[in-house]
Amino acid sequence: MWHSHCLVERICFDPRNPSVREMEEIGFLGLGIMGKAMSMNLLRHGFKLTVWNRTLSRCDELVEHGATIGETPAAVIKKCKYTIAMLSDPAAALSVVFGEDGVLEQIGSGKGYIDMSTVDAETSSKISEAITSKGGSFLEAPVSGSKNLLRMALYEAALPAFDVLGKKSFFLGQVGNGAKMKLVVNMIMGSMMNAFSEGLVLADKSGLNPQTLLDVLDLGAIANPMFKMKGPSMIQSSYSPAFPLKHQQKDMRLALALGDENEVPMPVAAAANEAFKKARGMGLGDLDFSAVHETVSSGKGSS
Ligand SMILES: NC(=O)C1=CN([C@@H]2O[C@H](COP(=O)(O)OP(=O)(O)OC[C@H]3O[C@@H](n4cnc5c(N)ncnc54)[C@H](OP(=O)(O)O)[C@@H]3O)[C@@H](O)[C@H]2O)C=CC1
Ligand SMILES: O=CCCC(=O)O
């Protein structure tokens, strides 16, 4: 998990003292794959939550586990001192803040907004400026890892919640750096996933057992959790979504724009992006990003 900017004040709960946690209510906006898993985790660790999701019915399961529903993002902000958002993309992140009944209507002094969505630096900066101009505090805090980062003070205040949500947090300085770091990481991940897919298909088509390829890869210098976790299901053409392919393609697109801005040639990432676009065109956007494998294995590559 990376945090780049700003939450304020020290939250008065202490991770070692659940009774203190109960004094603070955290808001949570966006209950997709990640938001739901993160909210459940917070509830399990004794945090009180008020949740909102655009499709309100997705709040029901959280309510069964003790959460309260906020009718709008503004209502959640009004009720809670700290609110976390986990939304699909820049458009969603902006609309929840700037739209009708949005975050801006109730944010103000003494309130913190933590956006954990993967967006670009420009989006983070727009949100940060709007929130801080109303006296609120903002922290961009994109996360790495799947369902299985405030000005420094808000960062410190939020650490008890981050401790529950992730293994390690990094404070990266100014707003935008969290978004950039996340995009660099996901650009590498998306490029690797494409090379991995091609390798699996090449092994298979050239008469090798793909499972043996996985075993060999796992013992060498390029062994990594992604190959280990995704490989077996990719061989079975099974792509139950942990990280939806449409979001991986959004991250490739945003990383390539960052490359444009900084004049960094990125031919490998550009080719990977084309493969993810192809996969979206094949109707695979809601499946796991490993479904890009189908663009190679079905013989419908990105050329
Ligand atoms: N899945 C993963 O492994 C990881 C994902 N991420 C990032 O986290 C974010 C969320 O990912 P994930 O949970 O997988 O995605 P999902 O697609 O499962 O969830 C997206 C969420 O955004 C909401 N949303 C979409 N558009 C709007 C809008 N215009 N206004 C309000 N709400 C909107 C959806 O609401 P509704 O239910 O109404 O559609 C839903 O709550 C993304 O930025 C992703 O890149 C980061 C790390 C890992
Ligand atoms: O942004 C998504 C990252 C997914 C992962 O790290 O497994």
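Quick notes on the rules
- Residues numbered from 1 in each chain as written.
- Chains lettered and ligands numbered in written order.
- Predicted model: local features only at pLDDT ≥ 70, side-chain atom pairs only at ≥ 80, totals over all residues.
- Heavy atoms only, no water.
- Helix = DSSP H or I, 4+ residues; strand = E, 2+ residues; numbered from the N terminus.
- Polar contact = N/O pair within 3.5 Å; in protein donor to acceptor, adjacent residues only side chain to side chain.
- Contact = heavy atoms within 4.5 Å.
- Axes fitted to C-alpha atoms, helices over the stretch in contact; angles between N-to-C directions.
- Parallel < 35°, antiparallel > 145°, perpendicular 65-115°, else oblique.
- Left-handed = near helix turned anticlockwise from the far one by under 90°.
- Nonpolar A, V, L, I, M, F, W, Y, C, P; charged D, E, K, R; others polar.
- Near = heavy atom within 4 Å.
- Areas by Shrake-Rupley, 256 points an atom, 1.4 Å probe, with all protein chains shown as cover.
- Domains from an automatic or database assignment.
- UniProt positions renumbered as here; feature names shortened; annotations may be inferred.
- Salt bridge = Lys/Arg side-chain N within 4 Å of Asp/Glu carboxyl O.
- Buried < 20%, exposed > 50% of the residue type's maximum accessible area, 1.4 Å probe, protein only.
- Core = buried A, V, L, I, M, F, W, Y, C linked by side-chain atoms within 4.5 Å.
- Pairing = 2+ DSSP bridges.
- Right-handed = clockwise from strand over helix to strand, strands pointing away.

Draft legend 1. Up close: the side chain of threonine 72. Tracing the backbone shows threonine 72 in the loop between strand E4 (68–69) and helix H4 (73–79). A distance of 2.9 Å separates a polar side-chain atom of threonine 72 from the backbone nitrogen of alanine 75. For threonine 72, the contacting residues outside a window of four places in its chain are Trp52 and Asp101.

Draft legend 2. The arrangement of the packing of helix H8 (residues 177–205) against helix H10 (residues 225–235) in detail. Where H8 contacts H10, the axes come no closer than 11 Å and their chain directions differ by 45 degrees. When the interaxial angle is binned, H8 and H10 end up oblique. As for the relative orientation of H8 and H10, their crossing is right-handed in sense. When H8 is examined against H10, the residues Met189, Met192, Met193, Phe196, Ser197 and Leu200 are found in contact with a partner set consisting of Met226, Phe227, Lys230, Gly231, Met234 and Ile235. Taken together, the residues of the contact of H8 with H10 break down into nine nonpolar, two polar and one charged.

Draft legend 3. A look at the site of ligand 1. Lining the immediate surroundings of ligand 1 are 27 residues, of which Asn53, Thr55, Arg58, Ser146 and Ala242 lie closest. Glycine 32 is positioned with one of its backbone polar atoms (N or O) 3.3 Å from an oxygen atom of ligand 1. A distance of 2.9 Å separates an oxygen atom of ligand 1 from a polar backbone atom of serine 88. Contact with the protein chains removes 89% of the 900 Å² of surface that ligand 1 exposes when unbound. Broken down by secondary-structure element, the contributors of at least two residues to the shell around ligand 1 are helix H2 (33–44), helix H5 (90–98) and helix H11 (245–261). Top element by residues in the shell around ligand 1 is H5. It accounts for three residues. Of the residues that constitute the shell around ligand 1, the class distribution is 12 nonpolar, 11 polar and four charged. Each of domain 1 (2–174) and domain 2 (178–295) accounts for three or more of the residues forming the shell around ligand 1.

Draft legend 4. Highlighting the UniProt feature "domain: 3-hydroxyisobutyrate dehydrogenase-like NAD-binding" (unreviewed entry) in the protein. The sites that carry the UniProt feature "domain: 3-hydroxyisobutyrate dehydrogenase-like NAD-binding" (unreviewed entry) are, in the present numbering, residues 176–293. End C-alpha to end C-alpha, residues 176–293 measures 32 Å, and it is 69% helix and 0% strand.

Draft legend 5. Region of interest: the pattern of salt bridges. Tallying each qualifying case throughout the model produces seven salt bridges. The residue glutamate 274 makes a salt bridge to lysine 277 at a minimum N-O spacing of 2.9 Å. Taken together, the residues span about one helical turn, with glutamate 274 and lysine 277 both in helix H12 (residues 267–281) at a distance of three residues.

Draft legend 6. Seen up close, the side chain of aspartate 288. Among the secondary structure elements, aspartate 288 is positioned in the loop between H12 and helix H13 (293–297). With relative accessibility at 1%, the residue aspartate 288 sits in the buried group. Side-chain polar atoms of aspartate 288 contact the backbone nitrogen of phenylalanine 243, separated by 3.0 Å. Contacts of aspartate 288, omitting those with residues within four sequence positions, involve Lys230, Tyr239, Ser240, Pro241, Ala242, Phe243 and Leu245.

Draft legend 7. Representation of the nonpolar core within the structure. Core analysis: the largest hydrophobic core is formed by 27 residues, its most contacted members being Met193, Phe196, Leu245 and Phe289. Counting only elements with at least two residues in this core, the list comes to H8, helix H9 (210–218), H10, H11 and H12. Setting aside its immediate chain neighbours within four residues, leucine 245 contacts Phe276, Ala279, Arg280, Leu284, Gly285, Leu287, Asp288, Phe289, Ala291 and Val292. The next biggest cluster of nonpolar side chains, apart from the first, holds 25 residues, and it includes Ile26, Leu49, Cys59 and Leu62.

Draft legend 8. Up close: the pairing of strand E5 (residues 82–85). Side chains Tyr82 and Ile84 project from E5 onto one buried face, and the interleaved Thr83 and Ala85 project onto a second face that is buried too. Here E5 runs beside strand E6 (residues 112–115); their pairing, made up of four bridges, is parallel. Residue pairing across strands places tyrosine 82 opposite glycine 112, the latter belonging to E6. At this point the chain moves from E5, through H5, to the parallel E6, and the crossover so formed is right-handed.

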